[in-house]
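Structural features, examined
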Amino acid sequence: MENLTPNLRSVGKTEMAHLYHPCDTVSDEAARRWLNHKIQQNEHLLTLLERNGYNKYSHTFTHIQVMLILNELGTPLSLISRKLIVTKSDILEVLGNALVQ
């Protein structure tokens, strides 16, 4: 299986949302609303994202924020089906000290 870690980059909110909702019948807005709702529901994730520069009005997630989301919400099925897997050790390696106490 191919490892996603070397390919990490900033990702637009719409692109990230569609990783979790790859269906063509889901609008960009609906996918973003779903992702924003999941982030707001998960206080731990929201706190980590905010500590790493997240703001709900941003249009992109940094590579660190992407890793935090993948860690908390799990690897989207769309990545699993393409055999792009992110493991816990990948996440911890990339995040390093980004997870502030």
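Residues numbered from 1 in each chain as written. Predicted model: local features only at pLDDT ≥ 70, side-chain atom pairs only at ≥ 80, totals over all residues. Heavy atoms only, no water.

**Side note on the overall build of the chain**
Helix and strand counts for the chain stand at six helices and four strands. Going from the N terminus to the C terminus, the chain shows its helices and strands as β-β-α-α-α-β-α-α-β-α. Here the chain holds 101 residues, and 38% of them are scored as buried. Counted over contacts in the chain with a minimum sequence separation of 6, partners at least 24 positions apart contribute 60%. For the chain, the exposed area adds up to about 6,200 Å²; of that, 52% sits on carbon and sulfur atoms. (Helix = DSSP H or I, 4+ residues; strand = E, 2+ residues; numbered from the N terminus. Buried < 20%, exposed > 50% of the residue type's maximum accessible area, 1.4 Å probe, protein only. Contact = heavy atoms within 4.5 Å. Areas by Shrake-Rupley, 256 points an atom, 1.4 Å probe, with all protein chains shown as cover.)

**Notes on the nonpolar core**
Grouped burial of nonpolar side chains is what soluble globular proteins tend to show. Formed by 20 residues in total, the largest nonpolar core has its most connected members in Met16, Ile39, Leu49, Phe61 and Ile69. Broken down by secondary-structure element, the contributors of at least two residues to this core are helix H1 (13-20), helix H2 (28-41), helix H3 (43-51) and helix H4 (63-73). The greatest single-element share of this core, amounting to six residues, is contributed by H4. Beyond its immediate stretch of four places on either side in the chain, Ile39 contacts Leu45, Leu46, Leu49, Tyr54, Phe61 and Ile69. (Core = buried A, V, L, I, M, F, W, Y, C linked by side-chain atoms within 4.5 Å.)

**Let's talk about H4**
Regarding H4, the residues found buried are Ile64, Gln65, Val66, Met67, Leu68, Ile69 and Leu70. Within two residues after H4, Gly74 carries a phi angle of roughly 90°, on the positive side.

**Considering the packing of aromatic side chains**
For the structure on display, the rule yields two aromatic pairs. Taking 5.6 Å as the distance between ring centres and 35° as the angle between the ring planes, the aromatic pair formed by Tyr20 and Trp34 counts as tilted. Taken together, the residues span a long stretch of sequence, with Tyr20 in helix H1 and Trp34 in helix H2 at a distance of 14 residues. A residue is classified by how much of its surface remains accessible, and Tyr20, at 15% relative accessible area, is buried. Taking 6.1 Å as the distance between ring centres and 10° as the angle between the ring planes, the aromatic pair formed by Tyr54 and Phe61 counts as stacked. As far as the burial class goes, Tyr54 and Phe61 line up, both buried. (Phe/Tyr/Trp six-rings, centres within 6.5 Å; stacked < 30°, edge-to-face > 60°.)

**Focus: the environment of Ala17**
Counting through the fold element by element, Ala17 comes out in helix H1. With a relative accessible area of 0%, Ala17 lands in the buried category. When the C-alpha atoms of Ala17 and Asn36 are compared, they prove to be 8.6 Å apart, with 19 residues separating the residues in sequence. Not counting residues within four places of it along the chain, the set of residues in contact with Ala17 comprises Ala31, Arg32 and Leu35.

Remember, this is a structural readout, not a statement about activity or role.
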